[in-house]
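Below are the chains, spelled out letter by letter.
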Amino acid sequence: GNSVTQMEGPVTLSEEAFLTINCTYTATGYPSLFWYVQYPGEGLQLLLKATKADDKGSNKGFEATYRKETTSFHLEKGSVQVSDSAVYFCALSAYQAGTALIFGKGTTLSVSS
Amino acid sequence: DAGVIQSPRHEVTEMGQEVTLRCKPISGHNSLFWYRQTMMRGLELLIYFNNNVPIDDSGMPEDRFSAKMPNASFSTLKIQPSEPRDSAVYFCASTGLALSRNEQFFGPGTRLTVL
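Cut-off values and rules
Residues numbered from 1 in each chain as written. Chains lettered and ligands numbered in written order. Predicted model: local features only at pLDDT ≥ 70, side-chain atom pairs only at ≥ 80, totals over all residues. Heavy atoms only, no water. Helix = DSSP H or I, 4+ residues; strand = E, 2+ residues; numbered from the N terminus. Rg over C-alpha atoms; globule rule 2.2 N^0.38 Å. Pairing = 2+ DSSP bridges. Axes fitted to C-alpha atoms, helices over the stretch in contact; angles between N-to-C directions. Disulfide = S-S within 2.5 Å. Buried < 20%, exposed > 50% of the residue type's maximum accessible area, 1.4 Å probe, protein only.

## Quick word on the overall build of chain A
Next, step 1: Looking only at helices and strands, chain A has 0 helices and 12 strands in total.
Next, step 2: The N-to-C order of helical and strand elements in chain A reads β-β-β-β-β-β-β-β-β-β-β-β.
Next, step 3: For chain A, whose C-alpha radius of gyration is 13 Å, the value lies close to the compact-globule estimate of 13 Å for 113 residues.
Next, step 4: Across its three principal axes, chain A shows a C-alpha extent of roughly 45 × 30 × 20 Å.

In structure tokens form, the structure reads like this:
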């Protein structure tokens, strides 16, 4: 079946450090891939997405590249800020619109100044 | 544009009471999802609807949980009777066919505490 595996947290970094959060997936067909972010006390927000192999999603300095050969969609940011502290969820959708997303368990990022 | 609207934002109730959570999806969206988030189990899909019809309710934990979508602009998730282990944050999300491959928009959540 379809599944998403992301690295266990928490991830603790100093401001301006480089961030990588690993995400790998198992899916039939050609899924779309997403990163969602959840700030404290809020709902999930879409951070970035990629809908086909080799696509790079980017937003707010975050990037992730859809790698079909390694079934991965790792999230990266070159210089994190304290305001990036949140929980990050990798997700996939393997069918047409209207089908539920499959989420990873989430990775908590804590950035200190 | 208003996003997904959920009410109430916080609910505290006693074990055995009925709880009803409400959701208004984004206008024009035709799919609606209910999720539950806990520290132990993370984010779980409970049920989702396409065009007001329940498609997959395999995530509903037991018969105490029920969900309805009487029209395109409103859905409820009901727990009767509630138990302390139902304490969680419940999210509603919606998406539409025009969106890029299933991008979902989440509401702010309802934090439920069952004493």
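## Re the sheet that holds strand S1 (residues 5-7) of chain B
All names here are of chain B.
Next, step 1: Taken in spatial order, the 4 strands make up an open sheet running S1-S3-S8-S7, and their pairing is antiparallel. One side of each edge strand has no neighbouring strand; the edge strands of this open sheet are S1 and strand S7 (65-71). Between one strand and the next, the sheet's axes are offset by a mean angle of 15°, whatever the strand orientation.
Next, step 2: Note that S1 and strand S3 (residues 19-24) share 3 bridges and pair antiparallel. Counterpart to Ser-7 in the pairing with S3 is Arg-22.

## Considerations on the state of the cysteines
Residues and elements named next belong to chain A.
Next, step 1: Here the structure, examined in full by the defined rule, presents 2 disulfides over all chains.
Next, step 2: Each sulfur in the disulfide pair Cys-23 and Cys-90 lies 1.9 Å from the other. The S-S bond linking Cys-23 to Cys-90 shows a torsion near -70°; that makes this disulfide left-handed. Taken together, the residues Cys-23 in strand S4 (residues 23-26) and Cys-90 in strand S10 (residues 86-93) connect sequence positions 67 residues apart. Here the two residues Cys-23 and Cys-90 agree in accessibility, since each one is buried.

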